[in-house]
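Structural overview for review
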Amino acid sequence: MKSLNDSYQLYNGVSIPCIGFGTWQTPDGDMAVSAVKYAIESGYSHIDTAAAYGNEESVGKAVRISGIPRKDLFITSKLFNPDHGYEATLKAFDLTMRKLDMDYLDLYLIHWPNPIQFRDRWKEANAGTWKAFEELYKAGKIRAIGISNFRTHHIEALLETAQIAPMVNQIRLCPGETQEKVTKYCREHNILLEAYSPLGTGRVFEVPEMKQLSEKYGKSIAQICLRWSLQMGYLPLPKSVNPDRIRENVDVFDFELSAKDVTLIAGLKECCGPTSNPDTVNF
Ligand code: A2P
């Protein structure tokens, strides 16, 4: 990737800008509107939200006031846990579109594979959800469909009944967390890897090895992280509500990490803490 205008290509031919603006934990209202608006002004064209983040309305508002044509932006949202199953998914999608006030979505993801309400029947619930996703995709209401927090066994179960394979898996990928098994599986199946919490939700700033690399390259720790994410072939989704940081997080195209340093960062095991197990989360 050579610039923020570069894209990955999904297996269905859709282009997806190589860095997305994360909005998890961005409070709804003025804070979310101004952060997203500022991100768009800074050159981000890809915004990642979710029903569970509670800020879809603000994201939609920021997109409208940005003045950038809808077709020049890439907008992702995600299906919340209580809404799994065919009928509930269609209803939830409708609500998401009303909140965003948009007539199509670029990417829609199943947020978690195994919500607590469906723990005894998650496969059936995902199969029903996916049928709804496929219909919305075929009807042109979503340009690409995918999953989030899925591990290999969840994807294999989904593929038993799917007609269309997922195009994206959005998972936690950050220094010290490379989820080897599922990332290998996704690469083999042409499923693009999106990296949420690419800065370890802020924990990476305390890691001594990252401080040393920051000095070595003359770039901030955030920039080292995001450059690493791109060199790993991931699509990072950094979150910030701070204008300087929003800009800093896309200024990552004027340097390259050595292969040795890429490996070093990957190997900083759990330096940003552990990743939740999707089969045991309490939501
Ligand atoms: P803030 O929103 O106040 O800038 P992640 O993307 O891994 O979820 O990390 C987000 C966290 O990292 C937030 O706490 C965010 O705080 C902080 N953050 C984002 N970008 C930077 C940066 N460039 N420098 C320092 N902290 C950052």
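This text follows the structure it describes.
I will try to describe carefully the structure that is included in this document.

What follows concerns the site of the ligand. Taken together, the neighbourhood of the ligand is formed by 16 residues, with Leu199, Thr201, Lys239, Ser240 and Arg245 sitting nearest. Lysine 239 places a side-chain nitrogen or oxygen 2.8 Å from an oxygen atom of the ligand. Here the ligand occupies the largest pocket. Tallied by class, residues from the shell around the ligand come to six nonpolar, seven polar and three charged.

Each pocket or cavity is described by its volume, and for the largest pocket that value is around 820 Å³. Contributing to the lining of the largest pocket are 39 residues, with Trp24, Gln25, Tyr196, Ser197 and Thr201 lying nearest its centre. When residues of the lining of the largest pocket are traced back to their parent elements, those giving at least two are strand E8 (168–172) and helix H9 (243–248). Taken together, the residues of the lining of the largest pocket break down into 16 nonpolar, 17 polar and six charged.

Moving on, we come to the sheet that holds strand E4 (residues 46–48). Strand pairing in a sheet relies on backbone hydrogen bonds. The paired strands run either parallel or antiparallel. In spatial order, the strands read E3-E4-E5-E6-E7-E8-E9-E10; together these eight strands make up an open sheet with parallel pairing. With partners counted over all chains shown, the strands left at the sheet margins are strand E3 (21–22) and strand E10 (235–236), one partner each. The pairing of strand E7 (residues 142–148) with E8 spans two bridges and is parallel. Across the sheet, isoleucine 147 pairs through a bridge with asparagine 169, a residue of E8.

The next point concerns the pairing of E8. In terms of residue burial, E8 counts as a mostly covered element, since five of its five residues are buried. Side chains Val168, Gln170 and Arg172 project from E8 onto one buried face, and the interleaved Asn169 and Ile171 project onto a second face that is buried too. As a crossover connection, the stretch from E7 through helix H5 (residues 152–161) into E8 is right-handed. Pairing of E8 with strand E9 (residues 192–196) involves five bridges; the strand directions are parallel. Within E9, the residue paired with glutamine 170 across the bridge is glutamate 194. In this fold, the crossover linking E8 to E9 by way of helix H6 (residues 180–188) has right-handed handedness.

Definitions and limits used
- Residues numbered from 1 in each chain as written.
- Predicted model: local features only at pLDDT ≥ 70, side-chain atom pairs only at ≥ 80, totals over all residues.
- Heavy atoms only, no water.
- Near = heavy atom within 4 Å.
- Polar contact = N/O pair within 3.5 Å; in protein donor to acceptor, adjacent residues only side chain to side chain.
- 1 Å grid on protein atoms, 1.4 Å probe; cavity = no way out; pocket = protein on both sides within 12 Å on 5 of 7 lines; lining within 4 Å.
- Sits in = over half its atoms within 2 Å of the grid points.
- Nonpolar A, V, L, I, M, F, W, Y, C, P; charged D, E, K, R; others polar.
- Points joined across faces, edges and corners; volume = space filled by probe spheres on them.
- Helix = DSSP H or I, 4+ residues; strand = E, 2+ residues; numbered from the N terminus.
- Pairing = 2+ DSSP bridges.
- Buried < 20%, exposed > 50% of the residue type's maximum accessible area, 1.4 Å probe, protein only.
- Right-handed = clockwise from strand over helix to strand, strands pointing away.

Remember that the coordinates give geometry; whether it matters functionally is a separate question.
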